[in-house]
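# Per-entry structural report
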Amino acid sequence: MNPAFEAYYSAIWGDRFDGLVTALLKEKRQVALSVKNSQSKPLPDKLLISELPNVYGYEDARSLDYPFFYYLDLASLYAAAQINRKGQKHIWDMCAAPGGKSLYMYNGLSDESKLLLTDLSRDRYFRLKRNFEQCTLGEYQQNTDIVMTDALQWGYKHPELYDQVLLDAPCSSEQHVLENEGAMNAWKPSRPKSLAKRQYGLLCSGMLALKSGGCLVYSTCSINPAENDGVIERFLQKKGEIADWARCDIPIGESTEFGQWILPDHSEGCGPIYISKLVKR
Ligand SMILES: C[S@@+](CC[C@H](N)C(=O)[O-])C[C@H]1O[C@@H](n2cnc3c(N)ncnc32)[C@H](O)[C@@H]1O
């Protein structure tokens, strides 16, 4: 492990650091999300494994020979599940690719809802489109737009338009760093610092795009408080007059000052994910 990485994160996590690293390096526990389309069929209720709808166990799903599953970490679905879709007209997923959280939101859209998915990366935009094409048989186009664009600019161009916004922000993704020797060797303490600035910028854009009374859900898969509570705290300090922080309704994980953390060492291999919610005044 890069000594700078080890020193930085062990200063944050103390005695918990070694156990957290071990849990992050274990094989990921995935679940299968069944995506609705005109050819999808009801699956046996007894195979459901979560209080979240349409979520099945990995092994059961693999044995079913059913083509409309999307495989992902259960914890990440809790971020998407914080977005209220009932009666909400405009929903924006700012950093959507490859699309796991977007597919969860898509499943529960009301008839009157429109979903906008944006991503800046060309490769990831095409991956997102492919995932939606395959899982929805192209039917997503009835209520979902997928756009390759910079979410940092979009919010400023479309103020006060969205009822609900999901910002699953680009982050340090330490799990990936731990698994990838090149990323570990290249890691510097300046990286989380610059990512926190980028996350704050995206959060400001998302909050600007939100209507009064609307809700923004912020998430990352970073284990660094500076990219999580730190970003929310900065926003509340600088622009607290426009938003209130709200507690998330999530049955697993640990509460933090402004959100909830689901980390694999304490949540049976689920996560990592941090989730926080802001409501615009
Ligand atoms: C954590 S990933 C999103 C994962 C996705 N929400 C999911 O559940 O599958 C972050 C994404 O943000 C995108 N991104 C980074 N900066 C962006 C920006 N300024 N505007 C839009 N997307 C951006 C990256 O290309 C990447 O796909």
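Residues numbered from 1 in each chain as written. Predicted model: local features only at pLDDT ≥ 70, side-chain atom pairs only at ≥ 80, totals over all residues.

## Overview of unusual backbone geometry
- Residue Ala 97 is joined to Pro 98 through a cis peptide bond whose omega torsion reads 5°.
- For Pro 98, the location among the structural elements is in the loop between β4 (90-93) and α5 (100-107).
- Even without glycine at this site, Glu 160 takes up a positive phi of about 55°.
- As for its position among the elements, Glu 160 is in the loop between α7 (151-157) and β7 (162-168). (Helix = DSSP H or I, 4+ residues; strand = E, 2+ residues; numbered from the N terminus.)

## Concerning the sheet that holds strand β1 (residues 30-34)
- Spatially, the 3 strands line up as an open sheet ordered β2-β1-β3, and their pairing is antiparallel. Each edge of the open sheet is held by one strand with a lone partner, namely β2 (55-57) and β3 (69-73). Averaged over all adjacent pairs, the angle separating strand axes in this sheet is 40°, with direction ignored.
- Note that β1 and β2 share 3 bridges and pair antiparallel. In the sheet register, Ala 32 faces β2, and the bridge partner there is Tyr 56. (Pairing = 2+ DSSP bridges. Axes fitted to C-alpha atoms, helices over the stretch in contact; angles between N-to-C directions.)

## Points about the packing of helix α4 (residues 74-81) against α5
- With their axes 9 Å apart at the nearest point, α4 and α5 run at an angle of 50° to one another. By the criterion of interaxial angle, the relationship of α4 to α5 is oblique. Every pair of crossing elements has a handedness; the one defined by α4 and α5 is right-handed. Judged by residue contacts, Ser 76, Leu 77, Ala 79, Ala 80 and Ala 81 of α4 engage Gly 100, Lys 101, Tyr 104 and Met 105 from α5.
- Class assignment of the residues belonging to the contact of α4 with α5 gives a composition of 6 nonpolar, 2 polar and 1 charged. (Parallel < 35°, antiparallel > 145°, perpendicular 65-115°, else oblique. Left-handed = near helix turned anticlockwise from the far one by under 90°. Contact = placed C-beta atoms within 7 Å. Nonpolar A, V, L, I, M, F, W, Y, C, P; charged D, E, K, R; others polar.)

No statement about biological role is implied by the geometric values presented.
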